Every structure is written in structure tokens, then in C-alpha cells.
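Inside the fold
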Amino acid sequence: MRSLAINGWPIETLGLRLVNISPWLAGAQLTRAVVAMPGYSGGVPSPFATVTSRILTLESIVQPTSMAHRLQLLDQYADALDGLLEIESVDAPDRVLYGTYQANGVEVSVPRFVEVQAALRTEILCADGAKYDREPSAIALSTTPTPIPLGTAASVGLFRFRGAAAGVRRVLYRGINGNVLGAIGVNMTIGSSECVDVDGVQRGISLCDASGVFTNAYPFKLPSDRWFALHRTDGHPAADAWPTLELDGGTGVFYYRRAWSN
Amino acid sequence: MRLTPLYGTALAPAPLSITSRCMVHWWAPDLSTHAPRTGHVGLFTRGATGTFVDQRSVSMTAVHAEPRWERRDGRMGLLMTAADRLRFGSATGGLGVRAIAQAGLLEIMESGARTTANATLFYLGNDAISGARLYLDTSGTYYRITFHNGTTSVTATLTAGQPMPGDTVLLRWQLYDDRSVQLWQSINGAAETATNRTSGIAAPSASAFGATTYARLNSRGSASNGGAGWYRLLKLMSGLPDYTTLLTQR
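Here's what I pulled together on the structure shown here. (Residues numbered from 1 in each chain as written. Chains lettered and ligands numbered in written order. Predicted model: local features only at pLDDT ≥ 70, side-chain atom pairs only at ≥ 80, totals over all residues. Heavy atoms only, no water.)

**Observations regarding the overall build of chain B**
This is how the line gets drawn: A run of H or I in DSSP becomes a helix once it reaches four residues, and a run of E becomes a strand once it reaches two; helices and strands are each numbered from the N terminus. Here the globule rule reads 2.2 Å times residues to the power 0.38, and the radius of gyration is calculated from C-alpha atoms. Type-normalised accessible area, obtained with a 1.4 Å probe on protein chains alone, sets the label of each residue: buried when under 20%, exposed when over 50%, and partly exposed for intermediate values. Pairs of residues are marked as contacts when any of their non-hydrogen atoms sit within 4.5 Å. With residues, only the protein chains shown are counted as cover, and all accessible areas are computed by Shrake-Rupley using a 1.4 Å probe.
Along its length, chain B carries 1 helix and 17 strands. Here the C-alpha radius of gyration of chain B, 17 Å, is about what a compact globule of 250 residues would show, namely 18 Å. When the backbone C-alpha atoms are referred to their principal axes, chain B occupies close to 50 × 45 × 35 Å. Within the span of chain B, comprising 250 residues, buried residues form 56% of the whole. Sequence separation of 24 or more characterises 60% of the internal contacts of chain B that already satisfy a separation of 6 or more. Summed over all atoms, the accessible surface of chain B reaches about 9,000 Å², with 51% contributed by carbon and sulfur.

Structure below.
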């Protein structure tokens, strides 16, 4: 791959030469709310922000050898743009961005039937503007707080509790000062051959029995507990100090991908 | 399990999850014992506990049917030892893919299976190990690919390249439409070594496929010739795709 790959296809193998991509290293745009209050000087900032989607614009040139070849390359490119696109680039090969094709403009020089070279401008809508680690991470969980390295954006992941367990089992998320910032728990009775997955990405809970069959186990969820995300500002990354996860009993594992805002 | 973002209800013509146009495409970093990219149901079983490590080398004990996702060299794979089974295809309908002209690609990290004669890394056929079937196993010295039409078989065995534990191995095979087979192997990214293409054999009868065909990693049929390995990728594509297509196509 010399520049960028779409679903594993280096763009060069599609017959294109990438000339520009924007925005690439910029982070997703945040929209912050400010609420005016009567009798209050200025506005009150909301603690929450909305993260907008990102539209990635790829500008490229196709240099076919004939008009038939041009048509073939454009067809091939259109085919490659179908479905959810996983975009990788040579400058950050360990991170991927997800998007769907939105528009593709093709410009040819005049006289268009003589000049076969064409310029393409492709828009890809990335509903989630964050980039993610290509490879997931796996961190063993126990009753001892375990540091979780994170990217520059909030991460969610999947907690797996192993049996045997009877009653409430929780995972606790702490900042580096030790305060509990989040907790998610299940009330379950499972055998020593079973495990329960608490999936923060899909917000689902499932039971894997000893035969390897997964079934819905959402009723295990403790109604009082809320889904949470992990963020590097709960740690001190410059000092390699990360927020921690721990179980209140038993063992488990946390699978996640670090997320990056740039 | 899915650790990639979701975009809501999938609508044609743009499926909103990662999809593949291979016949079967299983990729370990999806952290699924199904093959979500091609929509195949998977079933992972072990029937005993097994140990593995997280990325900090902290040891863990997996319960019976818990897959052991293990990162090695910064890459995620599924650790399987001889008793582990991973099957693709539903219990009632099977896989829907038969051992007819196709190419396959398997990426593993060698864990000692090669030196155990008949240890099987990949199998496509019925659970009774009868009728038409395609499998990748080892002679005890080299990896080999075999196609069986229910009556007779052809086998292509490598004659060079003996991966050692810890080596990353990319195995690629081709089942041609005359039922001949050929196998290629790349160790740690080096140039491929290849077998000769075997002679062809008669086509299996329709009934030779059996009622239910599965693709399996790490065993032949449901219980025989367990292999061992750290599995990262399995792809099956119809026809005669070249190496680049097989490697990159989704």
C-alpha cells in the first residue's frame, strides 16, 4: 500500500492515483451547547458535546489506456465502494476509519472523448469520525485494578465474566485517583463452564454455555448500573498512568479497540 | 462479538457492517467464532479449560467453550490446541459451500501441529469424514492438501519449508475444476514454496457430498485429527483467484 486502502484494496491497485485527501489528520468536530439562564451573566456550558460525523473527500486521478479501460476502472472503483468501508492509510496503518460512500464526481478534460484521463472526487461519510485500532486489545481482569491504555477518544469494549458465579458480579472503572467513575454489573448464576459477555459496543449481554452456544442474557443486567466509556483524561497518559478496571470477584477479560480522534 | 462501530439498520445497496464477497471469510480480529463477514454461523467447543495470555503476558484460564483470543506480535488470533473445535455452518443446514473448484487461504502461527502426522488445520466436508471432502493436514514433516471424491483422492505435499513454532505461516491452496489440487506456503512473509499440481480425478456424485457440509478449523470431521495453532485468517473463494486477490479481497 502506497497511500490508502479501501477494504483492504490499495487504491493504486484500483487503477487510481490519490492526489488529495481531506480532512485526514483533523479531529472530528465537536458541537458544544451553551444554555442561557435568566439573571446569569453569560451562558452555562453543557458538560456534553455532540460529535459530528466526518466527510472524507478523496481526490484521485485515473489514467486509463483507453475509454473502455476507463469505464472498466470506474466500474471497478464503484464496486469497491459498496458497503461499509474500512479505510486504512500508510501513515497510520494500525488504525482504521469506517464510512460509507456518499458521492463520486468524475471530471474529464475537453474534448472528453479524446482525453481518457479523468479526475475523481469521492465523498465518504464516516458517521463515526473516530479511528480505531485495527487489532483489538485483550486485558485480563481480576479483583486487582488493571490499567487500560487508551487512545485519544473514548473507548467502549466487551467485558467477559467467567463462571462459576452466583449473585451480583460487577466491573468497576476507576480514575487514577481511585474514584469509581463507572460500573456495570450482572446478577447471574452460571456454572464453572460458562461465561457471560457484557458488550458495551452493542449494549447487549449474552451467556455462552459449555457447548459454545450464545443466548441472550440481558435480564442479567443490574438496572441501576449504566453503560460507561473509558477515557484517557481519567488517567495521566503522559506519565503512563491509565484508568483501571477491576472485578469485584472472579476473573474475566476486557476486549476493546483504542479509539483515536485524529 | 463486534468491536467495530454500528451504523443502524442495514439497508441495501450499502450493507452497514463489514461484509465479504468470499464464500467464507473468517478473520480473528473480528473476535467472533462466527464468520460475520460472510454471515456463517460458527460453533466453538473445547469441553475443558485452557490457558492463554493477555497482551501483557498475564495468564488466564478460559472456561470450556470460551475462545482464547490471544495477541501475538501485536496481532490478534485464536489459539487452539488439539481438543479445540471451530465449525462454520448451521447445525441443520451446514455451510452451503461444497468442495468444488475453489481457492483457500489460511494464516496461522505454527504451534507444533506440523510434526504430528495427520493433524488437520482445515477441513471442508461432512462430519462423518466420508464422501467428497477437502482438507489441509500434515504428513508429519510437511503440510499437504487432499481432495477426496468419495472413492479416491489426490494429495499435494510440500517438499520444502518446515515451519517451526512461532513462525507465521500463510497456506494457500487451489482445488481446480478437474479435481486436481495444489498447495503454496509462505513462512514469515518469505516467498512462497509450492507443490506440483496433482493429476485430476473423477467428479464426486451429488450424493457424495453428504447432507451437511461444514468448514472446520483444527480438526477433520467433528472429532478426528485435532491440530494445533494460532489461527488468524480463513478465506474460501470460488474459481481461480490469483494470490493478490485472495489476500486482499473482502
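**Observations concerning the packing of aromatic side chains**
Residue and element names in this part refer to chain A. Rule in force here: Ring pairs shown here join Phe, Tyr and Trp side chains whose ring centres sit within 6.5 Å, with only the six-membered ring taken for Trp; geometry is labelled stacked below 30 degrees between planes, edge-to-face above 60, and tilted in between.
Scanning all chains against the criterion turns up 9 aromatic pairs over all chains. Taking 4.7 Å as the distance between ring centres and 20 degrees as the angle between the ring planes, the aromatic pair formed by phenylalanine 159 and phenylalanine 254 counts as stacked. On the criterion of sequence distance, the pair formed by phenylalanine 159 in strand E13 (residues 157-162) and phenylalanine 254 in strand E20 (residues 252-256) is long-range, its members being 95 residues apart. For the pair formed by phenylalanine 159 and phenylalanine 254, the shared burial category is buried. Taken together through their ring pairs, the aromatic side chains of Phe159, Tyr173, Phe228, Phe254 and Tyr256 make up a single cluster.

**Observations concerning the sheet that holds E13(A)**
Residue and element names in this part refer to chain A. Quick note on the threshold: Note on pairing: two strands pair once DSSP finds at least 2 bridges between them. Lines fitted to C-alpha atoms define the axes, with helix axes restricted to the stretch in contact, and inter-axis angles between N-to-C directions lie between 0 and 180 degrees.
Taken together, 6 strands build an open sheet; the order of strands is E11-E20-E13-E16-E17-E18 and the sheet is antiparallel. Edge strands, defined here as strands with exactly one partner in the open sheet, are strand E11 (137-141) and strand E18 (214-216). Strand-to-strand twist of the sheet, defined as the mean angle between neighbouring strand axes without regard to direction, takes the value 25 degrees.

**A short note on the environment of Ala211(B)**
One can find Ala211(B) in the loop between strand E15 (193-194) and strand E16 (214-217). Taking the C-alpha atoms as reference, Ala211(B) lies 7.6 Å from Asn126(B); in sequence the two are 85 residues apart.

**Things to note about the environment of Val171(A)**
Residues and elements named next belong to chain A. Mapped onto the secondary structure, valine 171 falls in strand E14 (residues 165-174). Of the residues examined, valine 171 reaches a relative accessible area of 0% and is grouped as buried. Taking the C-alpha atoms as reference points, valine 171 and glutamate 246, separated by 75 residues in sequence, lie 5.5 Å from one another. Leaving out residues up to four positions away in the same chain, valine 171 has contacts with Leu141, Phe159, Phe161, Gly182, Ala183, Ile184, Leu245, Glu246 and Leu247.

**Observations regarding the state of the cysteines**
Residues and elements named next belong to chain A. For clarity, the cut-off: Here, a disulfide means two cysteine sulfur atoms that sit within 2.5 Å of each other.
Counting across every chain of the model gives 0 disulfides over all chains. The thiol sulfur of cysteine 208 is not disulfide-bonded, and the nearest other cysteine sulfur, from cysteine 195, lies at 4.5 Å. Judged by its relative accessible area of 1%, cysteine 208 falls in the buried class.

These values are about where atoms sit, not about what they do.
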